[in-house]
Every structure is written in C-alpha cells, then in structure tokens.
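# Residue-level structural notes
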Amino acid sequence: MPSPEMKREKGKRLRCPVCKAPVIYEGNPWRPFCSERCKLRDLGAWAEEEYRIPGGPVAGEEEGGEGDGCIQEDS
Ligand SMILES: [Zn+2]
C-alpha cells in the first residue's frame, strides 16, 4: 500500500481576510492580517457595524396626550 502523502505545513500560510494577500504567520504581529493597516481596517469595519446597529430612539406615538386643553372640573 502506498503511503499517503504527508504534507508538512511548515510555515503556516494564511490569507489576509481584508485584502486577501498571502500572510506569513510566523513572526507576524498582525496575523491573521498582512499588516497593521489591514488589522485596523478590519477593526474599523467592526466599529462601523456596531454603530449601525438598529434601535434608534423610540418614536413616541402621540407624545404628551394628557395636559392638552386643561379641563378643570370645578363642582
Ligand atoms: Zn491585508
């Protein structure tokens, strides 16, 4: 039986999730990104998404219904 090919993954290679450029894993402070720029860019995108979270101020329907046209009932 032929032995299966053992692929040695020496020097793991990744792809930058931002720019898809090949990234060297070892000794890369910005992994899994290729550079600080891409890392910041990804973080920035995250922050933007957070800002986009829906849930603005609740539009009150008929705000302050009471108090209009004071009707004082004096018996
Ligand atoms: Zn990149």
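Residues numbered from 1 in each chain as written. Predicted model: local features only at pLDDT ≥ 70, side-chain atom pairs only at ≥ 80, totals over all residues.

### A short note on the overall build of the protein chain
Per the secondary structure count, the protein chain includes one helix and two strands. From first element to last, N terminus to C terminus, the protein chain shows the α and β order β-β-α. Across the 75 residues of the protein chain, 5% fall into the buried class. In the protein chain, of all internal contacts separated by at least 6 residues, the share reaching a separation of at least 24 is 5%. (Helix = DSSP H or I, 4+ residues; strand = E, 2+ residues; numbered from the N terminus. Buried ≥ 20, exposed ≤ 12 C-beta atoms within 10 Å, placed from the backbone. Contact = placed C-beta atoms within 7 Å.)

### A look at the environment of glutamate 26
Note that glutamate 26 resides in the loop between strand 2 (22-24) and helix 1 (36-51). Between the C-alpha atom of glutamate 26 and that of arginine 13, which follows or precedes it by 13 residues, the distance is 8.5 Å.

### Some points on the confidence of the model for the protein chain
In this model, the protein chain carries a mean pLDDT of 76, and residues with pLDDT of at least 70 account for 61%. Mean pLDDT across the elements of the protein chain ranges from a minimum in strand 1 (residues 13-15), with 82, to a maximum in strand 2, with 89. (pLDDT = per-residue confidence, 0-100.)

### Here's the deal with helix 1
Over its 16 residues, helix 1 runs 22 Å from end to end, which matches the ideal 22 Å to within 8%, given 1.5 Å per residue. Judged by how many residues are buried, helix 1 sits mostly at the surface: zero of 16 residues are covered. (Expected span 1.5 Å × (residues − 1).)

### Structural notes on unusual backbone geometry
The omega torsion across arginine 31 and proline 32 is 0°, close enough to zero to call that bond cis. Unlike most non-glycine residues, lysine 20 shows phi in positive territory, near 65°. With respect to the helices and strands, lysine 20 occurs in the loop between strand 1 and strand 2. Look at lysine 20 and you get exposed, because 10 C-beta atoms sit within 10 Å.

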